[in-house]
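Each chain, written out:
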Amino acid sequence: SGSSAQNIAQDLSGNLYVTDSSGRLLKSTFNANAPSAATAYSASAVVGSISGLSAANARLSYDPTTLYCATGCLVTMINTNTVDWISPSTAAVVKTLSLSTSLSTGGDIVVVPTASNDETLYVVQGTTLYTINASSGSVSAGVSLSGPSNSLTGLAYIPNGDLVACEQI
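Below: a short report on this structure. (Residues numbered from 1 in each chain as written. Predicted model: local features only at pLDDT ≥ 70, side-chain atom pairs only at ≥ 80, totals over all residues. Heavy atoms only, no water.)

**Here we look at the layout of surface pockets**
Then step 1. In this structure, the largest pocket occupies an estimated 360 Å³ of space.
Then step 2. The wall of the largest pocket is formed by 18 residues, among which Gln-10, Ser-61, Tyr-62, Val-110 and Ala-156 lie closest to the centre.
Then step 3. Among the elements of the structure, strand S1 (5-10), strand S5 (61-63), strand S9 (108-115) and strand S13 (152-157) are those that each provide at least two residues to the lining of the largest pocket.
Then step 4. The element that contributes the greatest number of residues to the lining of the largest pocket is S9, accounting for five residues.
Then step 5. Broken down by class, the residue content of the lining of the largest pocket amounts to 13 nonpolar, four polar and one charged. (1 Å grid on protein atoms, 1.4 Å probe; cavity = no way out; pocket = protein on both sides within 12 Å on 5 of 7 lines; lining within 4 Å. Points joined across faces, edges and corners; volume = space filled by probe spheres on them. Helix = DSSP H or I, 4+ residues; strand = E, 2+ residues; numbered from the N terminus. Nonpolar A, V, L, I, M, F, W, Y, C, P; charged D, E, K, R; others polar.)

**Some thoughts on the side chain of Asp-20**
Then step 1. Checked against the element boundaries, Asp-20 lands in strand S2 (residues 16-20).
Then step 2. Polar side-chain contacts of Asp-20 include one of 2.9 Å to the side chain of Ser-22.
Then step 3. At 2.8 Å, the side chain of Asp-20 and the side chain of Arg-24 are in polar contact. (Polar contact = N/O pair within 3.5 Å; in protein donor to acceptor, adjacent residues only side chain to side chain.)

**Digging into the side chain of Ser-61**
Then step 1. When you line up the elements, Ser-61 lands in strand S5.
Then step 2. Classification of Ser-61 as buried rests on a relative accessible area of 5%.
Then step 3. There is a polar contact of 3.5 Å between the side chain of Ser-61 and the backbone nitrogen of Val-111.
Then step 4. Sequence-distant contacts of Ser-61, that is, excluding residues within four places in its chain, are made with Ala-9, Cys-73, Leu-74, Val-75, Ile-109, Val-110 and Val-111. (Buried < 20%, exposed > 50% of the residue type's maximum accessible area, 1.4 Å probe, protein only. Contact = heavy atoms within 4.5 Å.)

**Examining unusual backbone geometry**
Then step 1. Of note in the backbone geometry, Ala-91 takes a positive phi value of approximately 70° without being a glycine.
Then step 2. With respect to the secondary-structure elements, Ala-91 resides in the loop between strand S7 (82-86) and strand S8 (93-98).

Here is the structure:
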């Protein structure tokens with residue numbers, strides 16, 4: 001897009017979503033029948049602007065549940081104490097969650113479905129992992145992760161139930 005990308009998330013169909021430094025949401029559509037991996041993604045198209053998204057925000061995740069969006073939502077921290085669910089088709093905010101404790105907007109966030117109508121958010125910040133109740137906004141006391149020597153900047157949930165984080169090197 002020629003803009004400074006902030007973060008990336010992928011939906012269950014393989015489409016990529018990127019936020020940029022001006023608060024826009026961009027989408028690159030995945031084509032599983034493309035002749036090569038190099039042509040599997042379309043050029044990024046602007047979906048829209050996310051209201052209130054800070055240029056410094058570096059968190060974006062995909063919520064695979066259909067609690068707030070028919071095909072799943074994108075999730076981002078708008079500021080240090082607010083998490084928003086974003087429509088991937090319009091960039092509109094469809095749910096706002098106020099957190100009980102402020103967290104830095106650095107690091108990453110991931111959504112993990114925990115029941116048919118519930119989910120838990122995890123945030124990695126520095127070398128600390130926080131758990132957020134997605135209904136109440138209650139933030140657990142952070143758990144210090146042993147091993148990393150620098151800040152953890154990426155977080156993902158994998159199908160076996162584990163969380164995986166990337167260390168900034």
